[in-house]
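# Geometric and topological summary
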Amino acid sequence: GHPDTDSPVDTRPTFEIMVRTDLMMGGECINLCCGAEVDALRGDEPIELKTAPEGKDSGFVRNFSNVMQSEIVGVRTIVVGIKKDNFIVEKVVEKTVNEIKSTGDLEKPTSQCYAFLFEVLSEM
């Protein structure tokens, strides 16, 4: 079929998931259990969907908060719709979170944020 471009887009969260993960630091471990909203599922794998202006696709998905949120809840894939000036998506780019981290300057700030999170949770 054809998409219905006359109806408004529903941007409410579609999938709510519960996630268990371990935060490791210096041989110590904190178990986390949290709820998260994800944009889509591919089988059982959560996927993040984003849009970005043309020419800035990799700059947008290297966003620090996208990487942190994705890692904590187990999102491994981010799909980005590249928009023209008229806000119409004309291209779709798929990247893994690891690819995004390796192309930006995110390793150090991500590690620092995890260390801070671990310190705060250790005090609770």
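The shown structure was predicted, so the numbers you read here are calculated from the model rather than taken from an experiment.

The rules behind these values
Residues numbered from 1 in each chain as written. Predicted model: local features only at pLDDT ≥ 70, side-chain atom pairs only at ≥ 80, totals over all residues. Heavy atoms only, no water. Helix = DSSP H or I, 4+ residues; strand = E, 2+ residues; numbered from the N terminus. Buried < 20%, exposed > 50% of the residue type's maximum accessible area, 1.4 Å probe, protein only. Contact = heavy atoms within 4.5 Å. Salt bridge = Lys/Arg side-chain N within 4 Å of Asp/Glu carboxyl O. Expected span 1.5 Å × (residues − 1). Arc of directions from axis to C-beta. Pairing = 2+ DSSP bridges. Axes fitted to C-alpha atoms, helices over the stretch in contact; angles between N-to-C directions.

## What to know about the overall build of the protein
Regarding its fold elements, the protein presents four helices and six strands. What you see in the protein, going N to C, is helices and strands ordered as β-β-β-β-α-α-β-β-α-α. Looking at the protein as a whole, 27% of its 124 residues qualify as buried. Considering only contacts in the protein between residues 6 or more positions apart, those separated by 24 or more positions represent 55%.

## Some thoughts on the pattern of salt bridges
Pairing between side chains becomes possible if they bear opposite charge and their charged atoms approach one another. Enumeration over the complete set of coordinates arrives at three salt bridges. A salt bridge links Arg42 to Glu94, with the nearest nitrogen and oxygen atoms 3.1 Å apart. One end of the pair, Arg42, is in strand E3 (residues 40–42); the other, Glu94, is in strand E6 (residues 89–96), with 52 residues separating them in the sequence. Accessibility expressed as a relative area gives 41% for Arg42, which makes it partly exposed.

## Considerations on the environment of Met25
Turning to its location among the elements, Met25 is positioned in strand E1 (residues 15–25). Met25 gets classed as partly exposed once you look at its relative accessible area, which sits at 30%. Separated by 93 residues in sequence, Met25 and Phe118 have C-alpha atoms that sit 7.1 Å apart. For Met25, the contacting residues outside a window of four places in its chain are Tyr114, Ala115 and Phe118.

## Concerning unusual backbone geometry
Unlike most non-glycine residues, Phe87 shows phi in positive territory, near 70 degrees. Inspection of the secondary structure assignment puts Phe87 in the loop between strand E5 (77–83) and E6. Taking the relative accessible area as the measure of exposure, Phe87 reaches 64% and is therefore exposed.

## Brief notes about helix H4 (residues 107–122)
Across its 16 residues, H4 extends 22 Å between first and last C-alpha, which sits within 8% of the 22 Å expected from 1.5 Å per residue. Of all the residues in H4, the buried ones are Thr110, Tyr114 and Phe118. Down the axis of H4, the sector holding all buried residues measures 75 degrees, keeping them to one side. Those residues of H4 that are exposed and angled more than 90 degrees off the buried face are Lys108, Phe116 and Glu119.

## Side note on the side chain of Glu48
Here Glu48 lies in strand E4 (residues 45–53). With near-sequence residues (within four places) excluded, Glu48 lies in contact with Asp39, Val75, Thr77, Ile78 and Val79.

## Looking at the sheet that holds E3
Working definition: the strands of a sheet are paired by backbone hydrogen bonds and lie parallel or antiparallel to each other. Strand order across the open sheet formed by four strands is E3-E4-E5-E6, with mixed pairing between neighbours. Across the chains shown, the open sheet's two edge strands, defined by having one partner strand only, are E3 and E6. Put simply, the sheet's adjacent strands are angled 35 degrees from each other on average, direction ignored. Both E4 and E5 contribute to a ladder of seven bridges, which runs parallel. Bridge pairing links Glu48 to Ile78 in E5.

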